[in-house]
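In case you want the letters, here they are:
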Amino acid sequence: MKAQYTVDGVLVRPFEPISTQFLSSRFYDGRTIVDALETPELAEQWFAVMTQELSRPPVAHVDAGALDALRGLRDGVATVYEHALGNNRDQIADSLNALVGSVEIAPAIPKRKSQALIDFAGRGNPLESFMAEVALSCAFTVSAPQVAQLEKCEGPNCVLYYTRMRDSQHWCSNTCGNRARVARHARK
Ligand SMILES: [Zn+2]
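Quick caveat, the model's predicted, so the values are computed rather than measured.

Conventions and cut-offs
Throughout this document, residue positions are counted from 1 along each chain, in the order its sequence is written. Local features in this predicted model are restricted to residues whose pLDDT is 70 or higher, and side-chain atom pairs enter the listing and the counts only when it is 80 or higher, whereas totals over whole chains, interfaces and linings include all residues. Values reported for side chains reflect all heavy atoms of the structure, with hydrogen atoms and water molecules removed beforehand. Where helices and strands are cited, they refer to DSSP runs of H or I of at least four residues and of E of at least two residues respectively, numbered from the N terminus. Each radius of gyration is computed over the set of C-alpha atoms, and the globule rule expresses the reference value as 2.2 Å times the number of residues to the power 0.38. Burial classes: relative accessible area under 20% of the type maximum marks a residue as buried, over 50% as exposed, and values in between as partly exposed (1.4 Å probe, protein chains only). Contacts are residue-level and defined by heavy atoms, with any inter-residue pair within 4.5 Å sufficient. Computed by Shrake-Rupley with a 1.4 Å probe, the accessible areas treat only the displayed protein chains as cover when residues are assessed. Coordination shells were defined by N, O and S atoms within 2.8 Å of each metal, extended to 3.2 Å for Na, K and Ca; water is absent from the atom set, which can make sites look incomplete. Working rule for geometry: tetrahedral if four donors all subtend angles between 85 and 135 degrees; square planar for four, octahedral for six, if opposite donors exceed 155 degrees and the others stay between 65 and 115; irregular in every other situation. UniProt positions are given in the numbering used here, feature names are shortened, and annotations may be inferred rather than shown by experiment. A fitted line through C-alpha atoms serves as each axis, taken over the contacting stretch for helices, and the angle formed by two N-to-C directions is quoted from 0 to 180°. Here is the rule for angles: anything less than 35 degrees is roughly parallel, anything more than 145 is roughly antiparallel, 65 through 115 is roughly perpendicular, and the remaining ranges are oblique. Side-chain rings of Phe, Tyr and Trp, where Trp is taken by its six-membered ring, are said to pair if the distance between their centres is within 6.5 Å; with planes under 30 degrees apart they count as stacked, over 60 as edge-to-face, and otherwise as tilted.

Chemist: Is there a simple way to think about the overall build of the protein chain in this case?
Modeler: Counting its regular elements, the protein chain contains six helices and six strands. Of the regular secondary structure in the protein chain, the N- to C-terminal order runs β-β-α-β-β-α-α-α-α-β-β-α. Relative to a compact globule of 188 residues, whose C-alpha radius of gyration would be 16 Å, the protein chain shows 17 Å and is just as compact. Taken along the three principal axes of its C-alpha coordinates, the protein chain extends 60 × 40 × 30 Å. Counting over 188 residues, the protein chain shows a buried share of 41%. Residue pairs at least 24 apart in sequence account for 51% of intrachain contacts in the protein chain once pairs closer than 6 positions are excluded. Taken as a whole, the protein chain presents about 10,600 Å² of accessible surface, with 51% of it coming from carbon and sulfur.

Chemist: Can you walk me through the coordination of the zinc ion in this structure?
Modeler: All of the protein donors around the zinc ion are Cys153 (SG), Cys158 (SG), Cys172 (SG) and Cys176 (SG); their distances to the metal are 2.2 to 2.4 Å. Its four donor atoms give the zinc ion angles of 104 to 115° at the centre, a pattern that matches the tetrahedral case.

Chemist: Is there a simple way to explain the UniProt feature "domain: Zinc finger CGNR" (unreviewed entry) in the protein chain in this structure?
Modeler: According to UniProt, the "domain: Zinc finger CGNR" (unreviewed entry) feature falls on residues 150-187. Split by type, residues 150-187 is 37% helix and 16% strand. Its first and last C-alpha atoms lie 29 Å apart.

Chemist: Even after reading the chapter, I still don't get the packing of helix 3 (residues 64-86) against helix 5 (residues 126-141), so can you show me in this structure?
Modeler: Two quantities define a packed helix pair, namely the angle between the helix axes and the distance between the axes. Running from N to C, helix 3 and helix 5 cross one another at 5°; their axes reach a closest spacing of 10 Å. By the angle class used here, helix 3 and helix 5 are roughly parallel. For the pair helix 3 and helix 5, the contacting residues are Ala66, Ala69, Leu70, Leu73, Val77, Val80 and Tyr81 in the first and Leu127, Phe130, Met131, Val134, Cys138 and Thr141 in the second.

Chemist: Looking at this structure, I do not really get the packing of aromatic side chains. What am I missing?
Modeler: Aromatic ring pairs are defined here through the distance separating the ring centres and the angle between the ring planes. Tallying each qualifying case throughout the model produces six aromatic pairs. Ring centres of Phe22 and Trp46 lie 5.8 Å apart, and the angle between their planes is 65°; this geometry places the pair in the edge-to-face category. You can see Phe22 sitting in helix 1 (residues 18-23) and its partner Trp46 sitting in helix 2 (residues 40-54), a full 24 residues away along the chain. For Trp46, a relative accessible area of 2% puts it in the buried group.

Written out as structure tokens, the structure reads:
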């Protein structure tokens, strides 16, 4: 399985935590910033690809209100990650408390399902479950020991965070590494 690829204009990053995957719904595709939360239809497309590629629970319908909520959640995750890399403990705690407090979190395992999928909001609503899962994932990602591997990509125009697998890694992907080398070469 590749670490990073696109399907129907959606960036798929199977090995990243869901909070980082969700942040990656906004990414640089080599020409421009692509944003899956630009319209409800694009958001539905993003969830459809997540279901198809990563067997995630389907979120079939996104209306204007849901889109606003998703944007707010994504901004919240971005703020927490920024503070986590800035290493200011009070700011991390404040932003994370705000994020976690903004969603209903009550994990439950629904009965009579073939797979043990967790309903993170406990209310039978796939979108609410997704949002609760993202908030929890964000909390784990900025906690020890995971936070030591959390990095922001240094690739030209890249806006992605990634989990660092090797000490020498500076980029989310080979694509960004190549772009950085090309840019360096062009400057010489
Ligand atoms: Zn990158």
